[in-house]
Amino acid sequence: HGLDIDVDERVGDTRDTATGLTVHSLYGATQRFPAQSLRALDALVFDIQDAGVRFFTYETTLGYALEAAAARGIALFVLDRPDPLGAQRFGGPVLDSRHPSFTGYFPAPLQPGMTVGELASLFNRSKHIGADLRVVPMQDYRRAMTFADTGLGWVPLSPNLRTLTQLDLYPDVALLEGANVSVGRGTPHPFEWIGAPWVDAKRLATALNALGAGAHFEPVDFVPTEATWRGQLCHGVSITRDPPADAVPVASLGLSLLATLHGLYPDTFDFAATRDSVGSPTVWQAIRDGATPQAAQALDAAPLARFARLRQQNLRY
């Protein structure tokens, strides 16, 4: 998103006007650290606030930083930051270990429930990277804290994650991102609105409200100014999560959105395009075949238990 967090597309290398130094983009032509960019460095420092979601690419960049530091034989300092969604809560579909990507560095659940320092330790040990990792811990942090509980000032992670409400809905609603629906990018309410020109808003809201997915849905019409269906009138729903957020399992809302859209519009909704974001082929196939979100998630119990053991070994707080 650029150093000013104001770009929502791939960015190229730039030059810092204050120092004249080159700013190497890790979200442009390459996502890896260019070899020449590490010459003469004594260490790398990772000082980035993560979203607490498996497919948010900052987690992959953390893994690539570990690999780059190990390859150069220099230390990686991770200045630890809170899991903004709360590091006590984890779960959701677990990424298939056979399909790593820039949006899936490690076979983790949708919400790992770990700080960036803890994730760095897990990556370094479990993938046998061998980096000289130095985690600088937080003070006065407790696992159950959401970002709002920390008292810290919120700096948007991207132009479409401006508020903590949007961040809270992001892991669920972003499961739809690859499909032919708008998730509200380019509107005043990204990740709070979803829709498409072919949706019957009232029918969708009624179906979703009947599920008990931990949220309330109201019909809404909107025209996104970017991303999917840019400039076209979309019909859909606004989403308000029911408090408390931990009253329903992680990903229950997102999988309910997928299952409902697939059930109502099997020939129109591009369900196949959501496979990578769901991550688990078992859960994805179960939803495709008509299983409830609860039944589908239960099929992922063994991979989630394996991750839970690795997670426990790397917790710091």
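Heads up: the structure comes first, above all this text.
To keep things clear, this report deals only with the structure shown in the data block. (Residues numbered from 1 in each chain as written. Predicted model: local features only at pLDDT ≥ 70, side-chain atom pairs only at ≥ 80, totals over all residues. Heavy atoms only, no water.)

## Quick word on the sheet that holds strand E10 (residues 234–241)
Right, so step 1: Reading across the sheet, the three strands line up as E8-E10-E9 and stay open at both edges, with antiparallel pairing between neighbours. Since the sheet does not close on itself, it has two edges, and those belong to strand E8 (193–196) and strand E9 (215–222), each with one partner. Within this sheet the neighbouring strands show an average axis-to-axis angle of 25°, counted without direction.
Right, so step 2: Relative to E10, E8 runs antiparallel, the two sharing four bridges. When the bridges of E10 are listed, Gly195 appears paired with Gly236.
Right, so step 3: Contacting E8 and E10, helix H4 (residues 164–173) crosses the sheet at an angle of about 120° to E10. (Pairing = 2+ DSSP bridges. Helix = DSSP H or I, 4+ residues; strand = E, 2+ residues; numbered from the N terminus. Axes fitted to C-alpha atoms, helices over the stretch in contact; angles between N-to-C directions. Contact = heavy atoms within 4.5 Å.)

## Considering the packing of aromatic side chains
Right, so step 1: Scanning all chains against the criterion turns up 16 aromatic pairs.
Right, so step 2: Ring geometry for Tyr64 and Phe102: centres 6.1 Å apart, planes at 20°, overall stacked. Taken together, the positions of Tyr64 in helix H1 (residues 58–72) and Phe102 in the loop between strand E5 (91–94) and strand E6 (109–111) put the pair 38 residues apart, joining distant regions of the chain.
Right, so step 3: The class for Tyr64 is buried, based on a relative accessible area of 11%.
Right, so step 4: Summarising the aromatic geometry, the rings of Tyr141 and Tyr317 are spaced 5.0 Å apart at their centres and angled 85° between planes, so their arrangement reads as edge-to-face. In this pair, Tyr141 is assigned in the loop between strand E7 (132–136) and helix H3 (147–150) and Tyr317 in the segment after helix H10 (301–313), connecting sequence segments 176 residues apart.
Right, so step 5: Here Tyr317 falls in the partly exposed class, since its relative accessible area comes to 26%.
Right, so step 6: Chaining the aromatic ring pairs together yields one cluster made of Tyr27, Tyr64, Phe102, Tyr105, Phe106 and Phe123.
Right, so step 7: Between Arg32 and the ring centre of Tyr64, over which it is positioned, the NZ or CZ distance is 3.7 Å.
Right, so step 8: Over the face of the ring belonging to Tyr265 we find Arg203, whose NZ or CZ atom lies 5.7 Å from the ring centre. (Phe/Tyr/Trp six-rings, centres within 6.5 Å; stacked < 30°, edge-to-face > 60°. Buried < 20%, exposed > 50% of the residue type's maximum accessible area, 1.4 Å probe, protein only. Lys NZ or Arg CZ within 6 Å of the ring centre and 35° of its normal.)

## Observations concerning the environment of Leu79
Right, so step 1: Positionally, Leu79 belongs in strand E4 (residues 75–79).
Right, so step 2: Given a relative accessible area of 28%, Leu79 falls into the partly exposed group.
Right, so step 3: With 122 residues separating them in the primary sequence, Leu79 and Ala201 have C-alpha atoms 44 Å apart.
Right, so step 4: Setting aside chain neighbours within four positions, we find Leu79 in contact with Val45, Phe46, Asp47, Val116 and Val136.

## What about the pattern of salt bridges?
Right, so step 1: Evaluated as defined, the whole model comprises nine salt bridges.
Right, so step 2: Of the charged contacts, one joins Asp47 and Arg81 as a salt bridge, the two residues approaching to 2.8 Å between their closest N and O atoms. One end of the pair, Asp47, is in the loop between strand E3 (43–46) and H1; the other, Arg81, is in the loop between E4 and E5, and 34 residues separate them in sequence.
Right, so step 3: For Asp47, a relative accessible area of 39% translates into the label partly exposed.
Right, so step 4: Of the charged contacts in the structure, one is a salt bridge between Arg98 and Asp96, with a shortest N-O distance of 3.0 Å. (Salt bridge = Lys/Arg side-chain N within 4 Å of Asp/Glu carboxyl O.)

## Regarding helix H6 (residues 252–264)
For an α-helix the count is 3.6 residues per turn, leaving residues at separations of three or four pointing the same way.
Right, so step 1: If you check H6, its first and last C-alpha atoms are 18 Å apart, about what 13 residues at 1.5 Å a residue would give, namely 18 Å.
Right, so step 2: Of all 13 residues in H6, 10 are buried, a share of seventy percent or more.
Right, so step 3: For H6, the set of buried residues is Ser252, Leu253, Gly254, Leu255, Ser256, Leu257, Leu258, Thr260, Leu261 and His262. (Expected span 1.5 Å × (residues − 1).)

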